[in-house]
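Each chain, written out:
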Amino acid sequence: MNIQFKKGALELCVLAIVNDKDCYGYELTEKISQHIGISEGSIYTLLRRLTKEEYFTTYLVESTEGPSRKYYHLTDKGKDYLGEMKSQWTEFSNGVNQLLGGS
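All of these numbers come straight from a predicted model, not from anything done at the bench.

Draft legend 1. Spotlight on the state of the cysteines. Using the criterion set out here, one finds 0 disulfides in the structure. Cys 23 supplies the cysteine sulfur nearest to Cys 13, a cysteine that is in no disulfide, at a spacing of 13 Å. Cys 23 sits in the buried class, given a relative accessible area of 0%.

Draft legend 2. A look at the pairing of strand S2 (residues 56–63). As paired elements, S2 and strand S3 (residues 66–74) share 7 bridges and run antiparallel to each other. By the bridge assignment, Ser 63 is partnered in S3 with Gly 66.

Draft legend 3. Structural context of the nonpolar core. Residues Val 14, Leu 15, Leu 28, Leu 50 and Phe 56 are the most contacted members of the largest nonpolar core, which totals 21 residues. Breaking this core down by element, the ones donating at least two residues are helix H1 (3–20), helix H2 (25–33), helix H3 (40–52), S3 and helix H4 (76–101). Per-element tally for this core: the top contributor is H1, with 6 residues. Setting aside residues no more than four positions away along its own chain, Leu 15 makes contact with Leu 50, Phe 56, Leu 74, Tyr 81, Leu 82 and Met 85.

Draft legend 4. Quick peek at H3. Compared with the 18 Å implied by 1.5 Å per residue over 13 residues, the 19 Å span of H3 between its first and last C-alpha is a close match. Among the residues of H3, Ile 43, Leu 46, Leu 47 and Leu 50 are the ones counted as buried. Viewed end-on, H3 has its buried residues packed into an arc of 105°, placing them on one side of the element. The exposed set on the far side of H3, more than 90 degrees from its buried face, consists of Arg 48 and Lys 52. Once H3 finishes, Glu 54 follows within two positions and takes phi at roughly 70°, a positive value.

Draft legend 5. Region of interest: the sheet that holds S3. Strand order in the open sheet made by the 3 strands is S1-S3-S2, with antiparallel pairing throughout. The two strands at the open ends of the sheet, each matched to only one other strand, are strand S1 (23–24) and S2.

Procedures and definitions
Residues numbered from 1 in each chain as written. Predicted model: local features only at pLDDT ≥ 70, side-chain atom pairs only at ≥ 80, totals over all residues. Heavy atoms only, no water. Disulfide = S-S within 2.5 Å. Buried < 20%, exposed > 50% of the residue type's maximum accessible area, 1.4 Å probe, protein only. Pairing = 2+ DSSP bridges. Helix = DSSP H or I, 4+ residues; strand = E, 2+ residues; numbered from the N terminus. Core = buried A, V, L, I, M, F, W, Y, C linked by side-chain atoms within 4.5 Å. Contact = heavy atoms within 4.5 Å. Expected span 1.5 Å × (residues − 1). Arc of directions from axis to C-beta.

Spelled out as structure tokens, the structure:
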């Protein structure tokens, strides 16, 4: 799949998954990788940026399988941003589908 397609959709996917359930980075990578081929590093870069922009808060949970895990939780600001992103995605994908269907 084209890398530019992935970059545009990855942010929306991460926001939507964390909206359903708080997750840690590796868990997000695993969930998304089931549908889209991604690198683990791209998820962590995105998570840092979204946290800095206050779309996520984080908290640590002790793990029996190693070090504590950093969980990401969608803030109210993040939920608003997710709603905007969903609307933009729908508008964009509808437009592209119309153009593809017209050829």
